[in-house]
Amino acid sequence: MLEVRRVNAFYGDSQVLFDMNLAVSSGEVVTLLGRNGMGKTTTVRTIMGIVRTRSGTITLNGTRIDHLPSHAIARAGIGLVPEGRQIFPNLSVRENLIATARTPSRGGPGWTFERVIELFPAVGTRLASAGNQLSGGEQQMLAIGRALLTNPLLMILDEATEGLAPLVRQEIWACLGSLKKAGQAVLVIDKNVEMLAGLADLHHIVEKGRVVWKGTSAELRADRSLQLRYLGV
Ligand SMILES: Nc1ncnc2c1ncn2[C@@H]1O[C@H](COP(=O)(O)OP(=O)(O)O)[C@@H](O)[C@H]1O
Ligand SMILES: [Mg+2]
């Protein structure tokens, strides 16, 4: 579904992605793992067209998206929950949810307002509140709900559990489990290798802007030296 092939990307003169390769198939949960500063967020920003590729291709269902503007990439079917959430602080929770909502165009899971509220009942009780009145965990759920309501082919979550209390993290992990069960394709970036190993189909370890290892959850769990070397866990 999503294919990133030999992508090179820069900030100014400094190269951050080096022949980055990555693929997510429909219904799959795929991870990007790696320490801070290795290029995970830059990969996401390049997929979204916020950072431009210098070379290489990015395709979504076989169509190139790497020359499209960001809004067109979102409309093509990628829903982003960015690092730091970035909900609209002055819009109500309801407005945050519907501002970018779209009806499903293809036979995906078909996320509706009602289904999202079912997934996150806590958000449902705060519909009239302003976005910035929510707790960090509620804002994260709102950000996920908002992305789901665009009915994306692919959801991308960048550090969705970062800075949240353990109980709230559990809710986010449970939500990811529900998404997987619903057949939603997800690219997820997170530091919690153990939780991801219980959830994801395929993992990529990113080191200095390249994928240095790719494998299944069983392969990841079996290789302690890999975890020590690249993830520091
Ligand atoms: N806006 C930017 N301008 C210049 N360099 C950046 C910018 N954002 C990130 N970087 C650099 O790019 C590298 C990769 O960062 P990033 O993709 O955010 O890593 P990760 O998400 O894996 O922590 C780091 O060396 C970081 O300092
Ligand atoms: Mg990051």
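This one's a predicted model, so the numbers in the text were calculated from it and none came from an experiment.

To continue, consider helix 1 (residues 40-47). Helical periodicity: at 3.6 residues per turn, an α-helix aligns residues three or four positions apart in one direction. Counting buried residues along helix 1, six of its eight residues qualify, which places the element largely inside the surrounding structure. Along helix 1, the residues that are buried comprise Lys40, Thr42, Thr43, Val44, Thr46 and Ile47. Directly beyond the C-terminal end of helix 1, a positive phi value near 80° is found at Gly49.

Time to look at the pattern of salt bridges. Evaluated as defined, the whole model comprises six salt bridges. In this structure, Asp66 engages Arg64 in a salt bridge whose closest nitrogen and oxygen atoms are separated by 2.8 Å. Residue class for Asp66 comes out buried when judged on its relative accessible area of 4%. Among the residues examined, Arg64 registers a relative accessible area of 42% and is labelled partly exposed. Residues Arg221 and Glu194 are paired through a salt bridge, measuring 3.3 Å at the closest nitrogen-oxygen approach. In this pair, Arg221 sits in helix 9 (residues 217-222) while Glu194 sits in helix 8 (residues 193-197), placing the two residues 27 residues apart along the sequence.

Coordination of the magnesium ion (ligand 2) by the protein comes from Thr41 (OG1) and Glu83 (OE), over a distance range of 2.0 to 2.7 Å. Taken together, the residues span a long stretch of sequence, with Thr41 in helix 1 and Glu83 in the loop between strand 6 (78-81) and helix 3 (93-99) at a distance of 42 residues.

Calculation criteria
Numbering of residues starts from 1 in each chain and follows the order in which that chain's sequence is written. For this description, chains carry letters from A and ligands carry numbers from 1, given in the order in which they are written. The predicted origin of the model limits local features to residues at a pLDDT of at least 70 and limits the giving and counting of side-chain atom pairs to 80 or more, whereas totals for whole chains, interfaces and linings rest on all residues. For side-chain calculations, the full set of non-hydrogen atoms in the structure is used, while hydrogens and water are omitted. Burial classes: relative accessible area under 20% of the type maximum marks a residue as buried, over 50% as exposed, and values in between as partly exposed (1.4 Å probe, protein chains only). Numbered from the N terminus, helices here are DSSP runs of H or I no shorter than four residues, and strands are runs of E no shorter than two. We define a salt bridge as a contact between a side-chain nitrogen of Lys or Arg and a carboxyl oxygen of Asp or Glu at a distance within 4 Å. The donor set comprises N, O and S atoms within 2.8 Å of the metal, extended to 3.2 Å for Na, K and Ca; water molecules are omitted, so apparent gaps in a site may simply reflect that omission.

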